[in-house]
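Structure at a glance
Chain by chain, the residues:
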Amino acid sequence: MSLHDDAVLVLKGYEGQEELRQAYLEHLEAHPDGMWKACGAGHLTASALVIDPDRGRVLLTLHRKLGMWLQMGGHCEPQDISLEAAALREATEESGIGGLTLLPGGPVRLDRHPIPAPCHWHLDVQYAAVAPADAVQAISDESLDLRWFPYAEVADVADESVVRLLEATRSRL
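The structure contained in this document is the topic of the report that follows. (Residues numbered from 1 in each chain as written. Predicted model: local features only at pLDDT ≥ 70, side-chain atom pairs only at ≥ 80, totals over all residues. Heavy atoms only, no water.)

Following the sequence through the fold, Ile-139 ends up in the loop between strand S7 (121-130) and strand S8 (143-150). Residue class for Ile-139 comes out partly exposed when judged on its relative accessible area of 48%. When the C-alpha atoms of Ile-139 and Phe-149 are compared, they prove to be 15 Å apart, with 10 residues separating the residues in sequence. Residues in contact with Ile-139, not counting those within four places in the same chain, are Leu-144, Asp-145 and Leu-146. (Helix = DSSP H or I, 4+ residues; strand = E, 2+ residues; numbered from the N terminus. Buried < 20%, exposed > 50% of the residue type's maximum accessible area, 1.4 Å probe, protein only. Contact = heavy atoms within 4.5 Å.)

Printed below as a string of structure tokens:
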């Protein structure tokens, strides 16, 4: 199964955010290259909020290019066999934490946001990843900083999309 086909199956099975879910499916139908950064009309991305539920905190990255505190995530790559695999790869690479496990049940949220040309949209499929108890993070080349934030502080440092992702993740725990 191709990554494109996996994305279609994941989105068809996703419950919630119906209008956005349908927009993602229409995008993939109209753009066979809609999984890849080269798609000028926009492309799917995969991200994961790294969470430590036992300590009531999340790990955010200070994105090097955007200068914003965000969840881990990014573009799908040819070796990714699924959106879940892409989200887990990105979370592991950007956090430096091995042994992350995605929350069961598939994506937690969808988030579409504009990006600078030549691409126009990121159609982000958002997961949540639970960190092991002994997790030690390591900053990647894509980050200016990496920091754990208590749930209550996330709204003070991150934008509404991250706050919504945290709320959706907490409701699934």
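Turning to the pairing of strand S1 (residues 43-52), a few remarks are in order. Most of S1 sits out of view: 10 of its 10 residues are buried. Summarising the sheet, S1 and S7 pair through nine bridges and their orientation is parallel. The residue of S7 that forms the bridge with Ala-46 is Val-125. Direction of pairing for S1 relative to strand S4 (residues 72-75): antiparallel, over a ladder of four bridges. (Pairing = 2+ DSSP bridges.)

Let us look at the pattern of salt bridges. This model, assessed by the stated rule, comprises nine salt bridges. A salt bridge links Arg-21 to Glu-18; the shortest N-O distance between them is 2.9 Å. One end of the pair is Arg-21 and the other is Glu-18, both in helix H2 (residues 18-30) and three residues apart, which spans about a single turn. Arg-55 serves as the salt-bridge partner of Asp-52, at 3.9 Å between the closest nitrogen and oxygen. On the basis of relative accessible area, Arg-55 is assigned to the exposed category, the value being 53%. It is possible to trace a salt-bridge network through shared partners that takes in Glu-77, Asp-80, Arg-89, Glu-90 and Glu-93. (Salt bridge = Lys/Arg side-chain N within 4 Å of Asp/Glu carboxyl O.)

Quick look at helix H1 (residues 3-13) now. Within H1 the residues assigned to the buried category are Leu-3, His-4, Asp-6, Ala-7, Val-8, Val-10 and Leu-11. Against H2, S1, helix H3 (83-95), strand S6 (109-114) and S7 lie the buried residues of H1.

Counting residues in hydrophobic clusters, the biggest one holds 34 residues, and the most contacted among them are Met-35, Leu-44, Val-50, Leu-83 and Tyr-127. Per-element tally for this core: the top contributor is H1, with five residues. In this structure Val-50 touches Val-58, Leu-59, Met-72, Ala-91, Ile-97, Leu-100, Ala-129, Ala-131 and Trp-148, once residues within four positions along its chain are discounted. (Core = buried A, V, L, I, M, F, W, Y, C linked by side-chain atoms within 4.5 Å.)

Moving on, we get to the state of the cysteines. Per the counting criterion, the structure on display carries zero disulfides. Cys-76 carries a free sulfur, and the closest cysteine sulfur to it, the one in Cys-39, is 12 Å from it. (Disulfide = S-S within 2.5 Å.)

The subject of this paragraph is the packing of aromatic side chains. What characterises a pair of aromatic rings is the spacing of the ring centres plus the angle enclosed by the ring planes. Per the counting criterion, the structure on display carries one aromatic pair. Ring centres of Trp-69 and Phe-149 lie 5.0 Å apart, and the angle between their planes is 80 degrees; this geometry places the pair in the edge-to-face category. Pair noted here: Trp-69 is in strand S3 (residues 69-70) and Phe-149 is in strand S8, with a separation of 80 residues, a long-range link. No difference in accessibility class separates Trp-69 from Phe-149, as the two residues are buried. Cation over ring: Arg-57 sits above Trp-148, and NZ or CZ is 4.1 Å from the ring centre. In this structure, Arg-112 packs its charged tip against the face of Trp-121, placed 4.3 Å from the ring centre. (Phe/Tyr/Trp six-rings, centres within 6.5 Å; stacked < 30°, edge-to-face > 60°. Lys NZ or Arg CZ within 6 Å of the ring centre and 35° of its normal.)

Before going further, it helps to spend a moment on the environment of Arg-55. With respect to the helices, strands and loops of the structure, Arg-55 is situated in the loop between S1 and strand S2 (57-63). Between the C-alpha atoms of Arg-55 and Arg-112, which are 57 residues apart in sequence, the distance is 30 Å.

In this section: the side chain of Ser-143. Note on placement: Ser-143 falls in strand S8. When its relative accessible area of 2% is taken as the criterion, Ser-143 is described as buried. Polar contacts involving the side chain of Ser-143 include one to the side chain of Thr-61, which spans 2.3 Å. Leaving out residues up to four positions away in the same chain, Ser-143 has contacts with Thr-61, Leu-62, Arg-64 and Glu-94. (Polar contact = N/O pair within 3.5 Å; in protein donor to acceptor, adjacent residues only side chain to side chain.)

Function-wise, these values are silent; they only describe arrangement.
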